[in-house]
Amino acid sequence: MEFFTEEHEIFRQSFRRFIEKEILPQYDEWEKKGETPRGIWKKLGEQGYLCPWLEEEYGGPGGSFEYSIIINQETARAAINVGFGLHSDIIAPYLASYGTEEQKRKWLPGCASGDTILAIAMTEPNTGSDLQAISTTAIKDGDHYVLN
């Protein structure tokens, strides 16, 4: 059974051309600066390459997760690390799954358009990049939270 459809392969070729035209010519400079320019996020959003699984009602293209797989395969193939997968496939799904309706309507359209760029930030000592090692807790106590 074929996993990807002809539509998926057309999308793959389109994204591959996008990488070749819009990212690779500047990528080494971005790496030297340690920064991916905001403008490329906007271009990704305009093409439907950010949060491709996101429903149209929240500003997404209404695709499926297979499109995220293709984007991640193609960024790996091009050997680029620009954070699109972290943004679209790790952080945004938390907001889509656990955010309130108000939060979804406020933040998700910007995630899909490139106006909002998501990241993970950690400050707990001895945790490094291992989110599961975080021991801080937030326990609801009435109308507020108690942090440990």
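Bear in mind the structure is a predicted one, so any value in this text is a computation, not a measurement.

Novice: Describe the confidence of the model for the protein chain, and please don't skip the residues or the numbers.
Specialist: On average, residues of the protein chain carry a pLDDT of 92, and 99% of them reach 70 or more. Considering each helix and strand of the protein chain separately, the mean pLDDT is smallest for strand β2 (residues 144-147), with a value of 91, and largest for helix α5 (residues 101-113), with 97.

Novice: So what's going on with the packing of helix α3 (residues 65-77) against helix α4 (residues 84-98)? Residues and values would help.
Specialist: At a minimum axis separation of 10 Å, α3 and α4 run at an interaxial angle of 155°. Regarding the angle of α3 to α4, the classification is roughly antiparallel. At the point where α3 passes α4, the crossing takes the left-handed sense. Within the contact between the two elements, α3 uses F65, S68, N72 and T75 and α4 uses F84, G85 and D89. Residues belonging to the contact of α3 with α4 are distributed by class as follows: two nonpolar, four polar and one charged.

Novice: Please provide a residue-by-residue account of the nonpolar core, values included.
Specialist: Formed by 20 residues in total, the largest nonpolar core has its most connected members in F15, F18, I23, L44, Y49 and I80. A total of seven residues in this core trace back to one element, the largest contributor, which is helix α1 (residues 6-33). Not counting chain neighbours up to four residues away, the residues in contact with I23 comprise F18, W30, I40, I80 and F84. Ranked by size, the runner-up nonpolar core spans twelve residues in total, among them W53, L54, C111 and A112.

Novice: Describe a nonpolar patch on the surface, naming the residues involved and giving the relevant values.
Specialist: Together, L86, I90, Y94, Y98, I120, M122, L131 and I134 give the surface a local cluster of nonpolar side chains, amounting to about 760 Å² of exposed area. Along the chain, M122 falls in the loop between α5 and β1 (138-141).

Novice: Please give an account of the pattern of salt bridges that cites residues and values.
Specialist: If the charged atoms of two oppositely charged side chains come close together, the side chains can form a pair. The tally for this structure, following the rule as stated, stands at nine salt bridges. A salt bridge links E74 to R12; its shortest N-O distance comes to 3.0 Å. With E74 in helix α3 and R12 in helix α1, this residue pair connects regions lying 62 residues apart in the sequence. With respect to burial, E74 and R12 carry one shared label: buried. What makes E74 buried here is its relative accessible area of 2%.

Rules used in this analysis
- Residues numbered from 1 in each chain as written.
- Predicted model: local features only at pLDDT ≥ 70, side-chain atom pairs only at ≥ 80, totals over all residues.
- Heavy atoms only, no water.
- pLDDT = per-residue confidence, 0-100.
- Helix = DSSP H or I, 4+ residues; strand = E, 2+ residues; numbered from the N terminus.
- Axes fitted to C-alpha atoms, helices over the stretch in contact; angles between N-to-C directions.
- Parallel < 35°, antiparallel > 145°, perpendicular 65-115°, else oblique.
- Left-handed = near helix turned anticlockwise from the far one by under 90°.
- Contact = heavy atoms within 4.5 Å.
- Nonpolar A, V, L, I, M, F, W, Y, C, P; charged D, E, K, R; others polar.
- Core = buried A, V, L, I, M, F, W, Y, C linked by side-chain atoms within 4.5 Å.
- Buried < 20%, exposed > 50% of the residue type's maximum accessible area, 1.4 Å probe, protein only.
- Patch = residues over 30% accessible without salt bridge, like charges linked within 9 Å, V, L, I, M, F, W, Y side chains within 5 Å.
- Areas by Shrake-Rupley, 256 points an atom, 1.4 Å probe, with all protein chains shown as cover.
- Salt bridge = Lys/Arg side-chain N within 4 Å of Asp/Glu carboxyl O.

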